[in-house]
Amino acid sequence: MARQRELGETCDLCSEPIPEQHRHLLQLSSERVVCSCLPCSILFADREAKHYRLIPSGVRFVPDFEMSDEIWASFGVPVSMAFFQHSHPSGQVAAVYPSPAGPTRSLLTFDAWEELEEANPVLRRMEPSVEALLVNRVGGARDHYLASIDECYRLVGLIRMGWRGLSGGTEVWRMITGFFADLDKRAETVSARDA
């Protein structure tokens, strides 16, 4: 058993060995994503849990999402990728964008997010803190996903670990393209009008 723990990942809560594919929890006080074994993920599956919240699995692609270039510019995100999540405990929406130094966060005004929700009622179905609107506008793309935050932070990790020089280098852009291709393969398609 001790040898198995040395070779693989363990649950961040109980230290039991876990498989490569496992669930994640959000530690609400620090907004830190932690790895979880099946019993611990079941324990914290209750949405009303005070310390940890189970991060949902799955990705939804929203092809008819409405976000004009003007609205995007109003968010003040200086790069072409970001995710938007309800921040715990304030409930205010934060824009988080990847950078070579890790995630950078800025809070949005209530009016800006309310306008986006009005045009895209599906945003009201996002699970607070653990699900995000992931936006990809790289190279003219206008792709929008409702994704679990562990997926969003996986993208942040790819960029942080793979970025080289000023432009990132060809390898990191290949990884980013692969990340979004993988999301597309796994995503369920939903409408922005679904409330």
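Predicted model, so just to flag it, every value in this text is computed and none were measured. (Residues numbered from 1 in each chain as written. Predicted model: local features only at pLDDT ≥ 70, side-chain atom pairs only at ≥ 80, totals over all residues. Heavy atoms only, no water.)

1. Things to note about the pattern of salt bridges
- Counted under the stated rule, the structure contains 13 salt bridges.
- In this structure, Glu-171 and Arg-174 form a salt bridge, with 2.3 Å as the shortest nitrogen-oxygen distance. Here Glu-171 pairs with Arg-174, and both are found in helix α6 (residues 170-186), just three residues apart, close to one helical turn.
- Bridged by salt links that share partners, the residues Glu-151, Arg-154, Asp-182 and Arg-186 form one connected network. (Salt bridge = Lys/Arg side-chain N within 4 Å of Asp/Glu carboxyl O. Helix = DSSP H or I, 4+ residues; strand = E, 2+ residues; numbered from the N terminus.)

2. Concerning the sheet that holds strand β8 (residues 131-136)
- With mixed pairing, the seven strands of this open sheet are ordered in space as β7-β6-β5-β8-β9-β4-β10. Looking at strand neighbours, the two that pair on one side only are β7 (104-107) and β10 (188-189), the edges of this open sheet.
- Here two bridges tie strand β4 (residues 59-61) to β10, and the two strands are oriented parallel to one another. Bridge pairing in β10 links Arg-60 to Glu-188.
- Running over the sheet, α6 touches β4, β5 (81-86), β8, β9 (143-148) and β10 and is turned about 125° from β8. (Pairing = 2+ DSSP bridges. Contact = heavy atoms within 4.5 Å. Axes fitted to C-alpha atoms, helices over the stretch in contact; angles between N-to-C directions.)

3. Things to note about the packing of helix α5 (residues 149-162) against α6
- Closest axis-to-axis distance for the α5/α6 pair is 9 Å, and the angle between their directions is 165°. Regarding the angle of α5 to α6, the classification is roughly antiparallel. Remark: the crossing between α5 and α6 carries right-handed chirality. Two secondary-structure elements touch here, α5 through Glu-151, Arg-154, Leu-155, Leu-158, Ile-159 and Gly-162 and α6 through Val-172, Met-175, Ile-176, Phe-179, Phe-180, Asp-182, Leu-183 and Arg-186.
- The class makeup of the residues in the contact of α5 with α6 is nine nonpolar, one polar and four charged. (Parallel < 35°, antiparallel > 145°, perpendicular 65-115°, else oblique. Left-handed = near helix turned anticlockwise from the far one by under 90°. Nonpolar A, V, L, I, M, F, W, Y, C, P; charged D, E, K, R; others polar.)

4. A closer look at the pairing of strand β2 (residues 32-36)
- Bridge analysis of strand β1 (residues 23-27) against β2 gives five bridges, and the strand direction is antiparallel. Bridged to Gln-27 within β2 is Arg-32.
- Here β1 folds back onto β2, and the loop between the two strands holds four residues, one of which, Glu-31, carries a positive phi near 55°.

5. Here's the deal with α5
- Over its 14 residues, α5 extends 20 Å from the first C-alpha to the last, a length consistent with the 20 Å expected when each residue adds 1.5 Å.
- Burial in α5 covers these residues: Ile-149, Asp-150, Glu-151, Cys-152, Leu-155, Val-156, Ile-159 and Gly-162. (Expected span 1.5 Å × (residues − 1). Buried < 20%, exposed > 50% of the residue type's maximum accessible area, 1.4 Å probe, protein only.)

6. Some thoughts on unusual backbone geometry
- Unlike most non-glycine residues, Glu-31 shows phi in positive territory, near 55°.
- Here Glu-31 lies in the loop between β1 and β2.
- When its relative accessible area of 18% is taken as the criterion, Glu-31 is described as buried.
- One non-glycine residue, Ser-129, adopts positive backbone phi at about 75°.
- Within the element layout of this structure, Ser-129 appears in the loop between α4 (110-119) and β8.

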